[in-house]
Every structure is written in structure tokens, then in C-alpha cells.
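Each chain, written out:
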Amino acid sequence: MSCAVPAAAAGGSALPRSAAAEGSQQSHEEDDRKVRRREKNRVAAQRSRKKQTQKADKLHEEYESLEQENTSLKREIGKLTDEMKHLSEVLKDHEKICPLLHCTMNFVTVPRPDALTSCLPR
């Protein structure tokens, strides 16, 4: 005993065949649009992640470069500090024996060039 159920009652389309085919084509076009949109979104996301990675890499390179420069500058500060200490010691030693600093003419208010020549040995 087989019951024949009409297509409309069985959940099928009550539309004529051409309308159903048109709806199927429209659904297929919507699916294609969704696929294209997803692909476009996927490509855009990849591009964005790549750009973000490149930016992070660039920042890391800049960081390392600045670290190297900082280390170099600290080394230079150390060398200059040592040189300043050395030159200060040389100056102190020189002040002890400098005839110009011990010259009595330095205490007279005479223009400096005359005072210097009067203190120099002749």
C-alpha cells in the first residue's frame, strides 16, 4: 500500500519547475558570493597579519640597532671619562710646576699678554 503524497505536502516546492530552478540558481549565486567574500576576507586577513609581522620585525631591528648604539655610546662615555680624569691629573701636576701660575705679575692688573711675557724666561 503506497501512498502518493503530492510534492507540496511533502515539503517540496509548490513553485513551477522554472521558478524552483531560478531559486536554485539564485541560491547558487549567493553561495558563490559568500565564497568569494570569504576568500577576499581571508586574503585581506593574511595581508594584515603579514603587515603586522613586518612592522614587529622592523621594530625589533630598530630596538637592536638602538641597543648597539646605546652600548657604543656608554663605551665612549667611559673612555671620555677616563681621558678627563687623566687630563685633570696632568693639569694638577702641571699647576704645581707652572711658572705662570707662580709669577707675582699675575696679581697685578696688567693686560694678560704683558703679564705672560714678563713671567717667561728671557
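In case you missed it, the structure is sitting above this.
Computed from a predicted model, the values in this text were never measured in an experiment. (Residues numbered from 1 in each chain as written. Predicted model: local features only at pLDDT ≥ 70, side-chain atom pairs only at ≥ 80, totals over all residues. Heavy atoms only, no water.)

J.: Give a detailed account of the overall build of the protein, specifying residues and quantitative values.
T.: Looking only at helices and strands, the protein has three helices and zero strands in total. For the protein, the α and β elements follow one another from N to C terminus as α-α-α. Evaluated residue by residue, the protein yields a buried proportion of 3% over its 122 residues. Approximately 11,400 Å² of the protein is accessible, and the part contributed by carbon and sulfur atoms is 56%. (Helix = DSSP H or I, 4+ residues; strand = E, 2+ residues; numbered from the N terminus. Buried < 20%, exposed > 50% of the residue type's maximum accessible area, 1.4 Å probe, protein only. Areas by Shrake-Rupley, 256 points an atom, 1.4 Å probe, with all protein chains shown as cover.)

J.: Lay out the pattern of salt bridges with the relevant residues and their values.
T.: Within this structure, the stated rule accounts for two salt bridges. In this structure, Arg-42 engages Glu-39 in a salt bridge whose closest nitrogen and oxygen atoms are separated by 2.4 Å. With a gap of three residues between them, Arg-42 and Glu-39 both fall in helix α1 (residues 17–97), about one helical turn apart. The exposure class of Arg-42 is partly exposed, given its relative accessible area of 39%. Overall, Glu-39 belongs to the partly exposed group, its relative accessible area being 37%. The residue Asp-93 makes a salt bridge to Lys-96 at a minimum N-O spacing of 4.0 Å. Here the residue Asp-93 and the residue Lys-96 both occupy positions in helix α1, the gap between them amounting to three residues, near one helical turn. (Salt bridge = Lys/Arg side-chain N within 4 Å of Asp/Glu carboxyl O.)

J.: Explain a negative patch on the surface to me, and be specific about the residues and the numbers.
T.: A contiguous patch of negative charge, built from Glu-29, Glu-30, Asp-31 and Asp-32, is present on the exposed surface. Mapped onto the secondary structure, Asp-32 falls in helix α1. (Patch = residues over 30% accessible without salt bridge, like charges linked within 9 Å, V, L, I, M, F, W, Y side chains within 5 Å. Lys, Arg positive; Asp, Glu negative; His and termini not counted. Charge placed at Lys NZ, Arg CZ, Asp CG, Glu CD.)

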